[in-house]
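Observations on the three-dimensional arrangement
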Amino acid sequence: MRELLRENIATLKPYSCARNDFTGEAEVYLDANENWQEFVGREDVNRYPDPLAAMVRKALEEVLGLPFDQTIIGNGSDELIDNLFRCFCRPGKDSVLLMPPTYGAYRVFADINDVIVKTVPLTPHFQLDLPALKRCLAEEKASRTNEARLKLLFICSPNNPSGNAFPLDEVRTICSLFDGIVVVDEAYFDFSSQASAVSLLGEFENLVVLRTLSKCWALASARVGVAIASKEIIAVLRSMKYPYNVGGPSQDIALKALKQAQRVKQGLALIKEERARLRTELAQVDCVVQVFDSDANFFLVRVTDAPSIYHYLLGKGIIVRNRSKEMHCENCLRITIGSKQENDVLLSALKEYEHA
Ligand code: PMP
């Protein structure tokens, strides 16, 4: 791992914030230049939060089995993705491997960090193309120099926007093929029946798994994401993050949600039920050509004319995502599974489109 790190990160002397120096209980806190007063009707916002979100991580260990000393909390998993680029990729030199169509932010963060993007597209059925990946990795290894190296590889499983999860065996194969950092983004993991890549952490030191509370845990606005990795990688991510990257109210609300695991499980069952119903119903709509299998809380749907249907739905106040310009996604819309009522509104609008 050390040889993959940017030199400036490997030798970084991290910022030490007041709450790093003292973590116990004290009577008088005069160490962090806070204001003791309270103006907004809550007492939990005038002090800086725990920089390492220990209570949230404890709850993640208890509820989801994510090992306490191998996790870091991010301001959404987006922050953790960006931080991985900043830790490992030398701007203007190193590269990342993406497998389109996939989550668009990977490329944006690569561009922001001036990281070169290499691609091995998924097959037209949105499966991993392992032979092409093997060739690409072998070529990169052969042509690698001290000044340019492939450092990161992202696997999004279940994949956004196609919705399918990849077999864990194939993820394992990629971890053993690639000598850089493999990032498995499991933002939609809860909706899938595929096993988690967290189970591979004992086998591979080059693996980072990402989770988020934005989806199944219904906390998109709280901005709480998690990376799970070797203690060495976690130590690096901790050393370079913003000192107080996740606010106290967000940590609080995350804790509250994790205490409601039973209710969240029921909510998940509801979404899965709606997923089955929506799939059947969508398949019967005339303007729907194909509904792709989904292990997530959305469907990629091929329609007769995506731009036209997108604008038609927009006119009816129904917002979906037009993914037509993504690789292998011609005439495809990405549709989130909403409440029963929302899904019914969508279905009747789509049925009316046929007659519009
Ligand atoms: N990964 C994937 C695959 C996503 O689709 C998203 C959000 N749409 C994220 C990560 C980011 O999630 P957050 O920052 O809310 O944790």
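Residues numbered from 1 in each chain as written. Predicted model: local features only at pLDDT ≥ 70, side-chain atom pairs only at ≥ 80, totals over all residues. Heavy atoms only, no water.

**A short note on the domain arrangement of the protein**
Here the protein is partitioned into domain 1 (7-259) and domain 2 (262-353). For domain 1 and domain 2, the distance between their C-alpha centres works out to 28 Å. When domain 1 packs against domain 2, the two sides together hide about 1,700 Å² of surface, and 67% of this comes from carbon and sulfur. Three residues, Phe126, Pro161 and Phe191, lead the burial of domain 1 against domain 2; their summed loss comes to 36% of the area buried on that side. (Domains from an automatic or database assignment. Buried area = accessible area lost by both parts, 1.4 Å probe.)

**Quick look at the site of the ligand**
Around the ligand there are 13 residues in total, and Ser77, Asp185, Thr212, Ser214 and Arg223 lie nearest to it. Here an oxygen atom of the ligand and a backbone polar atom of aspartate 78 are 3.1 Å apart. In this structure, lysine 215 approaches the ligand through a side-chain N or O atom, which is 3.0 Å from a nitrogen atom. Look at the ligand: alone it shows 400 Å² of surface, and the protein chains cover 91% of it. (Near = heavy atom within 4 Å. Polar contact = N/O pair within 3.5 Å; in protein donor to acceptor, adjacent residues only side chain to side chain. Areas by Shrake-Rupley, 256 points an atom, 1.4 Å probe, with all protein chains shown as cover.)

**Concerning the sheet that holds strand S9 (residues 298-303)**
If you trace the 4 strands from one edge of the open sheet to the other, you get S8-S9-S11-S10, paired in antiparallel fashion. Looking at strand neighbours, the two that pair on one side only are strand S8 (288-291) and strand S10 (321-322), the edges of this open sheet. Contacting S8 and S9, helix H10 (residues 261-283) crosses the sheet at an angle of about 5° to S9. (Pairing = 2+ DSSP bridges. Helix = DSSP H or I, 4+ residues; strand = E, 2+ residues; numbered from the N terminus. Contact = heavy atoms within 4.5 Å. Axes fitted to C-alpha atoms, helices over the stretch in contact; angles between N-to-C directions.)

**Some thoughts on the pattern of salt bridges**
Taken as a whole and judged by the stated rule, the model has 24 salt bridges. With its nearest N and O atoms 2.8 Å apart, the salt bridge here joins lysine 316 to glutamate 352. Taken together, the positions of lysine 316 in the loop between helix H11 (306-315) and S10 and glutamate 352 in helix H12 (residues 340-355) put the pair 36 residues apart, joining distant regions of the chain. Residue classification places glutamate 352 among the partly exposed residues on the basis of a relative accessible area of 43%. Here the salt bridges do not stand alone but share partners, grouping Glu3, Glu140, Lys141, Arg144, Arg149 and Asp179 into one network. (Salt bridge = Lys/Arg side-chain N within 4 Å of Asp/Glu carboxyl O. Buried < 20%, exposed > 50% of the residue type's maximum accessible area, 1.4 Å probe, protein only.)

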